[in-house]
Protein chains: 2
Amino acid sequence: MQLAILLFDRFTALDAVGPYDTLSRLPGVEAVFVGEHTGPYRNDTGSLGLVADAALEEVTAPDILVVPGGPGQTAQMADGPLHEWIRAVDATTTWTTSVCTGSLILGAAGLLRGRRATSHWLALEQLPALGAEPTGERVVFDGKYVTAAGVSSGIDMGLALAGRIAGDAAAQMIQLGIEYDPQPPYDAGSPDKAPAEVTAALRERSRFLLAGER
Amino acid sequence: MQLAILLFDRFTALDAVGPYDTLSRLPGVEAVFVGEHTGPYRNDTGSLGLVADAALEEVTAPDILVVPGGPGQTAQMADGPLHEWIRAVDATTTWTTSVCTGSLILGAAGLLRGRRATSHWLALEQLPALGAEPTGERVVFDGKYVTAAGVSSGIDMGLALAGRIAGDAAAQMIQLGIEYDPQPPYDAGSPDKAPAEVTAALRERSRFLLAGER
C-alpha cells in the first residue's frame, strides 16, 4: 500500500508530518514524499526543508494521497501539471485526503464538487466557490475523500483513517506508539473556544501568520 | 531568540516537528535545524528526510534547544562531539528540552542528574540509570529543563513553553493557528488508557515499531 504525501513550496510541516507519522506506521505501508521536483521543499517560515524523494511522474498509483496546506497553497490553485497529476492519481486511489488548506487544492483540481469537506477555520469560507460544502467537523469523510481541519488535525485524520484501513486495534497501537494522549495547556484550539480577543487578533494577523511573515 | 532543533539519523519526525511548528511561530524566534553534518537526515522508517541547515559548530548559543527522540537515539548515547556540543550550548540556553527518547540523550550527556524528567512510556525505566527521576506527567518542567513524553507530546510541550516565554495569549494564538483542538478517534494514547491487549502487543512489538523495522 503506497502512501504519497505531496510537497510544495511554503507548505506547513505539521500538516504533512501528522498524517505521515500515523499512516506510515501501518503494517505494509510504503510512504513517499513527492513533488514537482525532487529534493528539499522549504516550509511556510522557510526554516525547514523536507525532501521529496520522487517527482510526480514517478508516483502513478498511490493508494493514499495526502495533500497538506500552508500559505504556499495559494500558488497551487491554478490548473496545470500538479492538478493533472492529482486528478490522474485520484482515479485509482483508495483514499484522497488533505489537511488544512490542502482541501483548497483538491477543490481547485475539481475533486470536491458536491462533497462535504473542511479546511483550516480561516479558510472554510473559500470552499463553496470550489463546489464543496464546508462542515464544522474536524475530520470529514465523504466517500473516499477525507479532509481535515487546520494543521494539527492531520493527526486525528491519520488515526481515523488507519482505523478504517486496518481496524481499531491497529490504529490504537499507532496512537499508543506516538503516545497521543493530548493535554494542551490551553483550551484555545478552535475559534469558538479561544478567548474572543485571541480569535479576533488571529483573524487580523492571519495574513501574516499564515504567510509565515512575522 | 534562536531555537535549535537537533537532527540525527533515524530520529522520529513528529518529535521534532511538534515543538518546531509551535515554538517557531513565536514572534522573534529564528529556528534552525542542526546536526553533526548539514544536509538531510533520514527518519526512523527511512522514508522522510529533514534538512539540517547548520552543523553543530555553527550553532553556539541557541536560546532554546530541542532534542527529539526515535530509534536512532540509541546511537547517540556515547560521549563524544554531540554530547560535548549539547553540554556547551546548554551552558547558555534559556531552555533545554527534549521529546520522547530525546531525554535519554540529554541524560547521557549528564544534564538530567537529580532532575525530574519524562520520556516515551516504553523508555521511562531507562531514566534512573542516567540519574533522572521519571514522572508520569506528559510535560515535565524542572528548572530550565523541559522533557516531554512520547512523540506527539512535543506539541503540548511547545505550547506550554510558548506560554512561559511569551505569555498565555501568544501561546493561545499559536494553538488556534494550528487548530490544536484534539479529537482522537480512540482513547488509547497512554498505556493505562489503551486496551490491555493493545498495550501488551505494543510492548511485545516495540523493538520493531520503535526501530521502524516492520
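- An unreviewed UniProt entry annotates chain A as Glutamine amidotransferase of Streptomyces kronopolitis.

Regarding the overall build of chain A
Then step 1. Along the backbone of chain A there are 6 helices and 11 strands.
Then step 2. Relative to the compact-globule value of 17 Å for 214 residues, chain A shows a C-alpha radius of gyration of 16 Å, a close match.
Then step 3. Principal-axis analysis of the C-alpha atoms places the extent of chain A at approximately 45 × 40 × 35 Å.
Then step 4. Accessible surface for chain A amounts to roughly 7300 Å². Of this, 50% is attributable to carbon and sulfur atoms.

Some details on the packing of aromatic side chains
Then step 1. Enumeration according to the criterion identifies 4 aromatic pairs over all chains in this entry.
Then step 2. Above the plane of the ring of phenylalanine 141 of chain A lies arginine 164 of chain A, whose end atom (NZ or CZ) is 3.7 Å from the centre.

Concerning the UniProt feature "domain: DJ-1/PfpI" (unreviewed entry) in chain A
Then step 1. UniProt feature "domain: DJ-1/PfpI" (unreviewed entry): in the numbering of this structure it lies at residues 3-161 of chain A.
Then step 2. As annotated, residues 3-161 of chain A comprises 23% helix and 26% strand, and the C-alpha atoms at either end are separated by 12 Å.

Focus: the sheet that holds strand S2 (residues 30-35) of chain B
Residues and elements named next belong to chain B.
Then step 1. Pairing within the open sheet is mixed, and its 7 strands lie in the order S5-S2-S1-S6-S7-S11-S10. A single partner strand is all that each edge strand has here, and the edge strands are strand S5 (54-55) and strand S10 (139-142).
Then step 2. Pairing between strand S1 (residues 2-6) and S2: 5 bridges, direction parallel. Paired with leucine 6 across the bridge in S2 is valine 34.

Side note on the relation of the copies chain A and chain B
Then step 1. Each copy of the sequence occupies a distinct position, and chain A is placed on chain B by a rotation of 180 degrees and an axial shift of 0.0 Å, giving an RMSD of 0.0 Å. Such a combination of turn and shift is consistent with a two-fold rotation axis. Using C-alpha coordinates, one finds that chain A approaches the rotation axis most closely at leucine 50 of chain A, a distance of 2.4 Å.
Then step 2. The overlap is high: 100% of the interface residues of chain A also sit at the interface in chain B, so the same surface is used on both sides.

Digging into helix H5 (residues 168-177) of chain A
Then step 1. Counted residue by residue, H5 of chain A has 7 buried out of 10 residues, so it is predominantly covered.
Then step 2. Within two residues after H5 of chain A, glutamate 179 of chain A carries a phi angle of roughly 45 degrees, on the positive side.

Some remarks on the sheet that holds strand S11 (residues 145-148) of chain A
Neighbouring strands of a sheet are bound in pairs by backbone hydrogen bonds; such pairs are parallel or else antiparallel.
Then step 1. Strand order in the open sheet formed by 7 strands is S5-S2-S1-S6-S7-S11-S10 (chain A), with mixed pairing between adjacent strands. If you trace the sheet from one side to the other, it starts and ends with strand S5 (54-55) and strand S10 (139-142) of chain A, each paired once.

Thoughts on the pairing of S10 of chain A
Then step 1. Alternating positions in S10 of chain A separate into two faces, Val139 and Phe141 of chain A on one and Val140 and Asp142 of chain A on the other, with burial throughout.
Then step 2. Counting the residues between successive antiparallel strands, the hairpin from S10 of chain A to S11 of chain A contains 2 residues, one of them, glycine 143 of chain A, with a positive phi of roughly 60 degrees.

Calculation criteria
- Residues numbered from 1 in each chain as written.
- Chains lettered and ligands numbered in written order.
- Predicted model: local features only at pLDDT ≥ 70, side-chain atom pairs only at ≥ 80, totals over all residues.
- Heavy atoms only, no water.
- Helix = DSSP H or I, 4+ residues; strand = E, 2+ residues; numbered from the N terminus.
- Rg over C-alpha atoms; globule rule 2.2 N^0.38 Å.
- Areas by Shrake-Rupley, 256 points an atom, 1.4 Å probe, with all protein chains shown as cover.
- Phe/Tyr/Trp six-rings, centres within 6.5 Å; stacked < 30°, edge-to-face > 60°.
- Lys NZ or Arg CZ within 6 Å of the ring centre and 35° of its normal.
- UniProt positions renumbered as here; feature names shortened; annotations may be inferred.
- Pairing = 2+ DSSP bridges.
- Least-squares fit on C-alpha atoms with pLDDT ≥ 70 in both.
- Contact = heavy atoms within 4.5 Å.
- Buried < 20%, exposed > 50% of the residue type's maximum accessible area, 1.4 Å probe, protein only.

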